[in-house]
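Residue strings, one per chain:
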Amino acid sequence: MSNSETPPNASRRRLLMALPLAGAGVVGVAFWKMLSGMEHGSFNPHDINAPVLNRPVPDFTLPDQPPMQGFNTQDLHNLTQPVLVNFFASWCIPCLAEMPTLMTLKDKLTMWGIAYKDRPENAENFLKHSGNPFSRLGSDHEGRVGIEWGISGVPETFLIGPGGVIRWHTAAPLTDDILNQTLLPLVEKLKTP
């Protein structure tokens, strides 16, 4: 072999050394695009891809969360009016922050709650102190129902239309702006006479 030729191992070594640099470059470009989107208001970290929209609710059964009655898939399939399903937990600070908003919504829309990965007594005390906007309440102590629904954390909220179809979803705490600009107009469209 002449001195001008590089051995095959040297070429492979250069390639292997370049791969991490190329990977870092791709990650850097993606991070730059995310930051650029945040600067221009086009990136929302809570705006998750929700493949569940316009699909029936998953199969599940929730036991009662004292002092209220739990619910299941069939209860949501039997709906004739929209219902808001809210996953929350007593240990969740954003859940506490959204409770005043949920309480203002209580007289405008039926809400069912799911205590996610929470001890029943903690969820009960949380609702005693922060207010209870829910007419039905189930306990997802192990978090299995949350997995079926595809949640990424709490709070997460789903608007269920008649027939048990998921019509809207957010992974952000509910605010007055979300209620007035998005949720309540959609609820009016889904209500049946």
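None of the values given here were measured: they were computed from a predicted structure.

### Examining the overall build of the chain
Okay, so step 1: In terms of helices and strands, the chain carries six helices and five strands.
Okay, so step 2: Expressed as a percentage of the 193 residues in the chain, the buried residues total 39%.
Okay, so step 3: Taking contacts inside the chain between residues at least 6 apart in sequence as the whole, the part at least 24 apart equals 74%.
Okay, so step 4: Looking at the chain as shown, the accessible area adds up to about 11,300 Å², and 56% of this sits on carbon and sulfur atoms.

### Thoughts on the state of the cysteines
Okay, so step 1: Scanning the entire structure with this criterion turns up one disulfide.
Okay, so step 2: The residue that forms a disulfide with C92 is C95, at a sulfur-sulfur distance of 2.4 Å. What sets the handedness of the C92 and C95 disulfide is the S-S torsion sign, and at about 80° it is right-handed.

### A look at the sheet that holds strand β5 (residues 165-170)
Okay, so step 1: Taken in spatial order, the five strands make up an open sheet running β3-β2-β1-β4-β5, and their pairing is mixed. In the strand order of this sheet, the two ends are held by β3 (136-140) and β5, each with one partner. Strand-to-strand, the axes of this sheet are offset by a mean angle of 20°, without reference to chain direction.
Okay, so step 2: Taken together, the six bridges between strand β1 (residues 83-88) and strand β2 (residues 110-116) define a ladder with parallel strand orientation. Residue V83 lies in a different strand from β2, and its bridge partner there is T110.
Okay, so step 3: The strands touched by helix α3 (residues 93-105) are β1, β2 and β4 (156-161); relative to β1, the strand with the most contacts, the crossing angle is about 160°.
Okay, so step 4: Contacts from helix α6 (residues 176-190) reach β1, β4 and β5, with the element oriented near 175° to β5.

### Some remarks on the side chain of S139
Okay, so step 1: Its location among the elements puts S139 in strand β3.
Okay, so step 2: Not counting the four nearest positions on each side in its chain, S139 is found in contact with L62, P63, D64, Q65, A115 and P120.

### Some thoughts on the packing of α3 against helix α4 (residues 120-130)
Okay, so step 1: Running from N to C, α3 and α4 point in directions that differ by 55°, and their axes come no closer than 10 Å. By the angle class used here, α3 and α4 are oblique. In this structure, α3 meets α4 at a crossing whose hand is right-handed. Residues C95, L96, M99 and M103 of α3 pack against F126, L127 and S130 of α4.
Okay, so step 2: Grouping the constituent residues of the contact of α3 with α4 by class yields six nonpolar, one polar and no charged.

### Some points on α3
Okay, so step 1: Taken as a whole, α3 carries its principal kink of about 35° at M99; the proline P100 stands between one and four residues after it.
Okay, so step 2: Inspection of α3 places C95, E98, M99, T101, L102 and L105 among the buried residues, and these make up the whole buried set.
Okay, so step 3: On the buried face of α3, the contacting elements are β1, β2, α4, β4 and α6.

### Side note on α4
Okay, so step 1: What α4 keeps buried is the set A123, F126, L127 and S130. Each buried residue of α4 sits inside an arc of 90° when the element is viewed along its axis, so together they form one side. With respect to the buried face of α4, the exposed residues turned more than 90 degrees away are K128 and H129.
Okay, so step 2: Among the residues trailing α4, G131 stands out with phi positive, at a value near 105°.

### Digging into the packing of aromatic side chains
The geometry of two aromatic rings is summed up by the distance between their centres and the angle between their planes.
Okay, so step 1: Applying the stated rule across the entire model yields nine aromatic pairs.
Okay, so step 2: Seen from their ring centres, F87 and W149 are 5.7 Å apart, and the 70° between their planes marks the pair as edge-to-face. Placement of F87 in strand β1 and of W149 in helix α5 (residues 144-149) is noted, with a sequence separation of 62 residues between them. Grouping residues by exposure puts F87 and W149 together as buried.
Okay, so step 3: The interplanar angle of 65° and the centroid separation of 6.0 Å between the aromatic rings of F87 and F158 together place this pair among those described as edge-to-face. Placement of the pair is F87 in strand β1 and F158 in strand β4, with a sequence separation of 71 residues. Here F87 matches F158 in class, with each residue buried.
Okay, so step 4: Chaining the aromatic ring pairs together yields one cluster made of F60, F71, F87, W112, Y116, W149 and F158.

What counts and how
- Residues numbered from 1 in each chain as written.
- Predicted model: local features only at pLDDT ≥ 70, side-chain atom pairs only at ≥ 80, totals over all residues.
- Heavy atoms only, no water.
- Helix = DSSP H or I, 4+ residues; strand = E, 2+ residues; numbered from the N terminus.
- Buried < 20%, exposed > 50% of the residue type's maximum accessible area, 1.4 Å probe, protein only.
- Contact = heavy atoms within 4.5 Å.
- Areas by Shrake-Rupley, 256 points an atom, 1.4 Å probe, with all protein chains shown as cover.
- Disulfide = S-S within 2.5 Å.
- Pairing = 2+ DSSP bridges.
- Axes fitted to C-alpha atoms, helices over the stretch in contact; angles between N-to-C directions.
- Parallel < 35°, antiparallel > 145°, perpendicular 65-115°, else oblique.
- Left-handed = near helix turned anticlockwise from the far one by under 90°.
- Nonpolar A, V, L, I, M, F, W, Y, C, P; charged D, E, K, R; others polar.
- Bend = angle between axes of the 7 residues up to and from the residue.
- Arc of directions from axis to C-beta.
- Phe/Tyr/Trp six-rings, centres within 6.5 Å; stacked < 30°, edge-to-face > 60°.

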